[in-house]
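Residues per chain are reported as follows:
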Amino acid sequence: MSRRRQVDPARLVAFRVLRRIGDQDAYANLALAAEGAGLETRDAAFATELTFGSCRALGSYDAILERAAGRPVAGLDPAVLDVLRLGTHQLLAMRVPSHAAVATSVDLAATQIGERVAGLVNAVLRKVAARDWDGWLAELSAGLDDLDVLALATQHPRWIVEAWRDALGDRSPDELRAALEADNVAPVNHLVVRPGLASVAELGGTPTRYSPYGAAVPGAPGSIPAVAEGRAGVQDEGSQLVALALSRVEAPSGLWLDLCAGPGGKAALLAGLAIEQGSRLVASELQPHRAGLVAANLACYDGDHEPVTVVADGTRPAWPPASFARVMADVPCTGLGALRRRPESRWRRQPSDLADLVPLQRRLLDSAIAATRPGGVIAYVTCSPQLAETREVVAARAAGAELLRAADYLPEVADAAVDDFVQLWPHRHGTDAMFLALLRRTAA
Ligand SMILES: C[S@@+](CC[C@H](N)C(=O)[O-])C[C@H]1O[C@@H](n2cnc3c(N)ncnc32)[C@H](O)[C@@H]1O
């Protein structure tokens, strides 16, 4: 008599999250928070590693599964493929004994999909279990060029490997590998104080390496009083630094503008920095619900220089030209600079995403320049190091703004200058891969 099939809660949660990612384009972190809400601590840690690890390595695991199954993965039932991905991660990257990884995957498939797929899952995973990760890399690397091998080994699509290579320029192949590997390490949360409203000491943890406003704090931020009270928030140090750089450039007095403010992380820091300089921030956002998040993030400030939130299309300004002394254009982008916190993103994003994004980025930069008064400063920022979104957008700008040397305004950050720009990297700076250009509005 066959034993009764059982599924443990952590694997079930991981499976459901992968299904939501595949079926509903869900974000891994949000889907895991929803599906895994009831898990015990140990199960939650297992489910997190299993889900995020499987998401990150998806393309490499699919290559392994294709070889093991002897057929294209596109021909498999998507739910079966998700079970196989989870099983592969347990076999090749977690310390789950092979027999347990295979047996639990078969049970998962049989109970969640149907008994009919149990044999297939069993057969394919037994083949996967015949080699370890290095063995599979060696097997699949035969006949591939160096970049394909690197893509497979570091679990990235090739086009992202090429984009990182182009953005790193003349750096060594070792650095390219280090940059890609850093995308596979989940970061510790960075918190940021609202200037004048909280101190870094209140945050606990370790002060951030460069930003005087941040701290690296493991664990749930909501339990920290300053965060719960809105006097501090969660913000990667890279985002803190680009806001700080804009505040440091000498510029005429006058209003500051955050052109693309939602959900309001940079706006919350900029608003405090503006107040410290006797100025005031206008935070503008296209999407009304995201403008609501901005307003909530800015609610901590009051008084004469209280920031203002507006809903506006930054490409069709609701303000006269030359209205602002400092303008932040933190434009919509692929977000590839934050892959370490978005496990599913590298396989969902496509090079074709640039076709819509780049023209919008250009229009927003031109609009930011037009909004700035002569002598004023513009920060063009992306959370992506891709050249098409960064320096190529800046190079294509309309007349009326000259480049400043951005690294001069972040002198404490070593090894961030690329020509006139700042490019931060997880493997070098421990931040997201933020790009910063600073421009001064000329009289023209
Ligand atoms: C990269 S996010 C900004 C992140 C924000 N600065 C922060 O630190 O929290 C880009 C934002 O631009 C908004 N956006 C997109 N198109 C826009 C437009 N035409 N005008 C203004 N905002 C726009 C998006 O809704 C999104 O909230």
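Here is what the cut-offs are and how they apply
Along each chain, residues carry numbers from 1 onward, in the same order as the chain's sequence is written. In view of the model being predicted, local features appear only for residues whose pLDDT reaches at least 70, and side-chain atom pairs are presented and counted only at 80 or more, with totals across whole chains, interfaces and linings using the full set of residues. Whether a residue is near a molecule or strand depends on its C-beta atom, generated from backbone atoms, being within 6 Å of that molecule or strand. Three categories are distinguished: nonpolar for Ala, Val, Leu, Ile, Met, Phe, Trp, Tyr, Cys and Pro, charged for Asp, Glu, Lys and Arg, and polar for the others, with Gly belonging to the last. Put plainly, a residue is buried at 20 or more neighbouring C-beta atoms within 10 Å of its own, exposed at 12 or fewer, and partly exposed in between, counting only other residues' C-beta atoms, which are placed from the backbone. Labels follow the DSSP assignment, with helices taken as runs of H or I lasting at least four residues and strands as runs of E lasting at least two, numbered in each case from the N terminus. In this description, the arc belongs to the directions extending from the helix axis to the C-beta atoms. Two residues form a contact once the distance between their C-beta atoms, set from the backbone, is within 7 Å. As a rule, the C-alpha atoms of each element are fitted with a line to give its axis, helices using only the stretch in contact, and angles between N-to-C directions run from 0 to 180 degrees. Roughly parallel covers angles under 35 degrees, roughly antiparallel covers those over 145, roughly perpendicular covers 65 to 115, and oblique covers all other angles. Here is the rule for handedness: rotate from the far helix to the near one, and if that takes an anticlockwise turn smaller than a right angle the crossing is left-handed, while a clockwise turn gives right-handed. When DSSP finds at least two bridges between two strands, those strands are taken to pair. When buried Ala, Val, Leu, Ile, Met, Phe, Trp, Tyr and Cys residues are joined through C-beta atoms within 7 Å, the set is termed a nonpolar core.

Details of the site of the ligand
Point 1. Around the ligand there are 17 residues in total, and Cys260, Gly262, Gly265, Lys266 and Gly314 lie nearest to it.
Point 2. Residues that form the shell around the ligand fall into these classes: five nonpolar, seven polar and five charged.

Digging into helix α2 (residues 28-35)
Point 1. Regarding α2, the residues found buried are Ala28, Ala31, Leu32 and Glu35. Buried residues of α2 fall within an arc of 100 degrees about the axis and therefore sit on the same side. When the buried face of α2 is taken as reference, the exposed residues oriented beyond 90 degrees from it are Leu30 and Ala33.
Point 2. Those residues of α2 hidden inside the fold are in contact with α1 (9-24) and α3 (41-56).

What about the packing of helix α5 (residues 78-92) against helix α7 (residues 118-129)?
Point 1. Across the interface, α5 lies against α7 with an axial gap of 10 Å and an inter-helix angle of 30 degrees. The orientation of α5 with respect to α7, classified from their angle, is roughly parallel. For the element pair α5 and α7, the recorded crossing hand is right-handed. Residue-level inspection shows Val80, Val83, Leu84, Gly87, Thr88 and Leu91 of α5 in contact with α7, the latter providing Leu120, Val121, Val124, Leu125, Val128 and Ala129.

Re the sheet that holds strand β2 (residues 206-207)
Point 1. With respect to topology, four strands assemble into an open sheet ordered β2-β3-β1-β4, the strand pairing being antiparallel. Every interior strand has two partners, whereas the edge strands, β2 and β4 (232-234), have only one.
Point 2. With two bridges joining them, β2 and strand β3 (residues 214-216) adopt antiparallel strand pairing. Looking at the pairing, Thr206 lines up with Ala216 of β3.

Considerations on the packing of α1 against α2
Point 1. Two elements in contact, α1 and α2, have axes whose closest approach is 9 Å; the angle formed by their N-to-C orientations is 135 degrees. Here α2 runs oblique to α1, going by the angle between their axes. Note that α1 runs across α2; the crossing there is right-handed. Within the contact between the two elements, α1 uses Val13, Arg16, Val17, Arg20 and Ile21 and α2 uses Ala28, Ala31, Leu32 and Glu35.
Point 2. Grouping the constituent residues of the contact of α1 with α2 by class yields six nonpolar, no polar and three charged.

Brief notes about the nonpolar core
Point 1. Counting residues in hydrophobic clusters, the biggest one holds 135 residues, and the most contacted among them are Ala245, Leu270, Ala329, Ile378, Ala379 and Leu436.
Point 2. With eight residues, helix α14 (residues 265-276) is the single largest residue contributor to this core.
Point 3. Leave out the neighbours within four places in its chain, and Ile378 touches Val327, Ala329, Ala368, Ile369, Thr372, Ala401, Leu439 and Arg441.

So, the environment of Pro426
Point 1. For Pro426, the position within the fold is in helix α19 (residues 426-429).
Point 2. Along the chain, Pro426 and Ala299 lie 127 residues apart, while their C-alpha atoms are 31 Å from each other.
Point 3. Pro426 has contacts with Ala182, Asp183, Arg340, Thr431, Asp432 and Ala433, leaving out every residue within four places of it along the chain.

A look at unusual backbone geometry
Point 1. With an omega of 5 degrees, the peptide bond between Gly262 and Pro263 qualifies as cis.
Point 2. Along the chain, the position of Pro263 falls in the loop between β5 (256-258) and α14.
Point 3. Of note, the phi angle at Asp25 is positive, near 55 degrees, even though the residue is not glycine.
Point 4. Locating Asp25 in the fold gives a position in the loop between α1 and α2.
Point 5. On the basis of neighbour counts, which here come to 9 C-beta atoms within 10 Å, the residue Asp25 falls in the exposed class.
Point 6. In the Ramachandran plot, Asp419 falls in the positive-phi region, its phi being about 50 degrees despite a non-glycine side chain.
Point 7. Positionally, Asp419 belongs in the loop between β11 (417-418) and β12 (421-423).

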